[in-house]
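Chain and residue survey
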Amino acid sequence: MKMEHNMSRIHMVSEPSIIYFLQVSWEKDLGSGFDITLTDGQSAWNGTVTASEISREADDMAMERDKYVDELRKALVLRTEPANVYKFDFSKENCHFSYEKSLKDVSFILGSLNLQKVSSPAEVIRELMSYCLDCMADQLAKNRHLQRENEMLQRDWSDVQKRLEECVTAKENLEADLYKRFVLVLNEKKGKIRSLHKLLKQAQQPEKDTQDERESVDDIQSQKKREAAYDESTDEESENLPVPSKAVPANFSQNDSIISSPDVTDIAPSRKKRQRLQKKVDTEAQFVPQKPTLQEKEKVECILREDKVEVVVRISNCT
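The text that follows walks through the structure, step by step, so that each part is easy to find. (Residues numbered from 1 in each chain as written. Predicted model: local features only at pLDDT ≥ 70, side-chain atom pairs only at ≥ 80, totals over all residues. Heavy atoms only, no water.)

**Considering the nonpolar core**
The condition that has to hold: We call a set of buried residues a nonpolar core when its members are Ala, Val, Leu, Ile, Met, Phe, Trp, Tyr or Cys and they connect through side-chain atoms within 4.5 Å of each other. Between buried and exposed lies partly exposed: a residue is buried under 20% and exposed over 50% of the maximum accessible area for its type, with that area taken using a 1.4 Å probe on protein chains only. Helix and strand assignments follow DSSP, with helices taken as H or I runs no shorter than four residues and strands as E runs no shorter than two, numbered in order from the N terminus. By definition in these notes, contact holds between two residues if any of their heavy atoms fall within 4.5 Å.
Leu-22, Phe-34, Leu-38, Leu-76, Phe-90, Phe-97 and Tyr-99 are the most contacted members of the largest nonpolar core, which has 30 residues in total. Broken down by secondary-structure element, the contributors of at least two residues to this core are strand E2 (19–26), strand E3 (33–39), strand E4 (44–50), helix H1 (51–60), helix H2 (65–78), strand E5 (86–91), strand E6 (96–103) and strand E7 (106–114). In terms of residues, this core owes the most to one element, H2, which gives six residues. The residues contacting Leu-38, other than those within four sequence positions of it, are Ile-10, Met-12, Tyr-20, Phe-21, Leu-22, Ser-43, Ala-44, Trp-45, Phe-90, Phe-97 and Leu-115.

Structure representation (structure tokens):
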């Protein structure tokens, strides 16, 4: 099975000015064991951490094995945390390599092992350089591939944008055409509705006129019936009225009637006048009685005085 490699640049706590290169290699998973290669560019050291040692370290730290493996991956492979979170230290005298994690003011060792110095460091350094060059070539190939994909996506995006603009234009043209047709249909329907409404009014007008005529005829007939009934009642009342009888002297002449006769009044009841008042408004408006002039009044008074004198003379002769 092909082994996976990861190479990183680290600084030791004891020698912060010296740059070291750390390579970690594993087959299946980091929890199944891994190899470490360390070099400062002149010398090289290597070592191996087995799966049993990983389990022992997790037990000593009272940590679950998976969680402990995840911490090793962050410290040795990923290197995503800040540089002051995971720290490394190496002693060239006894070739002891350790790595620890710092949490605020507290730090604890994740693991440590004794490395062995390589007799031919040039070979190790050459392999590390070859690995770096291979990684660079792989990255360049991936970048080219991604660049080609980006160019294809850019072309596809341009085509999609053009199609979208064409679709928008077609949609706007279709909406305008549909709106014109809708306006034509709407105006046609409005014209039909107006014509039907006009025909309906024309059809309802004769019925309304006929109904009004019927109502007016019924009102006239009912008014005539009321007047006829009222006239009959007034006639019966006038027939039942007593006629006053006065003894007329034998020698009573026609001239005496002018003085002795009472004023002539209307014998019809006042309610008959009230009933007929509304009916005779037009005729009364046309007929306006004229007041007698002064000369006419004087003539009437002279005639009355002459008649009175004549009557007195006749009465005296009779006595």
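**Observations concerning unusual backbone geometry**
Phi is positive for Ala-62, which is not a glycine, with a value near 55°. With respect to the element layout, Ala-62 can be found in the loop between H1 and H2.

**Topic: the sheet that holds strand E1 (residues 4–11)**
Rules: Strands are treated as partners if at least two bridges between them are detected by DSSP.
Taken in spatial order, the five strands make up an open sheet running E1-E2-E3-E4-E8, and their pairing is antiparallel. In this open sheet, the two strands that pair with only one neighbour each are E1 and strand E8 (116–117). In the sheet, E2 pairs with E3 via five bridges, with the strands oriented antiparallel. Its bridge partner being in E3, Gln-23 is matched across the sheet by Thr-37.

**A look at the sheet that holds E5**
Strand pairing in a sheet relies on backbone hydrogen bonds. The paired strands run either parallel or antiparallel. Here is the rule we go by: Inter-axis angles, ranging from 0 to 180 degrees, are taken between N-to-C directions of lines fitted to C-alpha atoms, where helices are fitted over the stretch in contact.
Judged by pairing direction, the sheet is antiparallel, and its three strands sit side by side in the order E5-E6-E7 without closing on themselves. The sheet terminates laterally at E5 and E7, the two strands that pair on one side only. Ignoring strand direction, the axes of neighbouring strands in this sheet form an average angle of 20°.

Without other data, these values stay purely geometric and don't point to any function.
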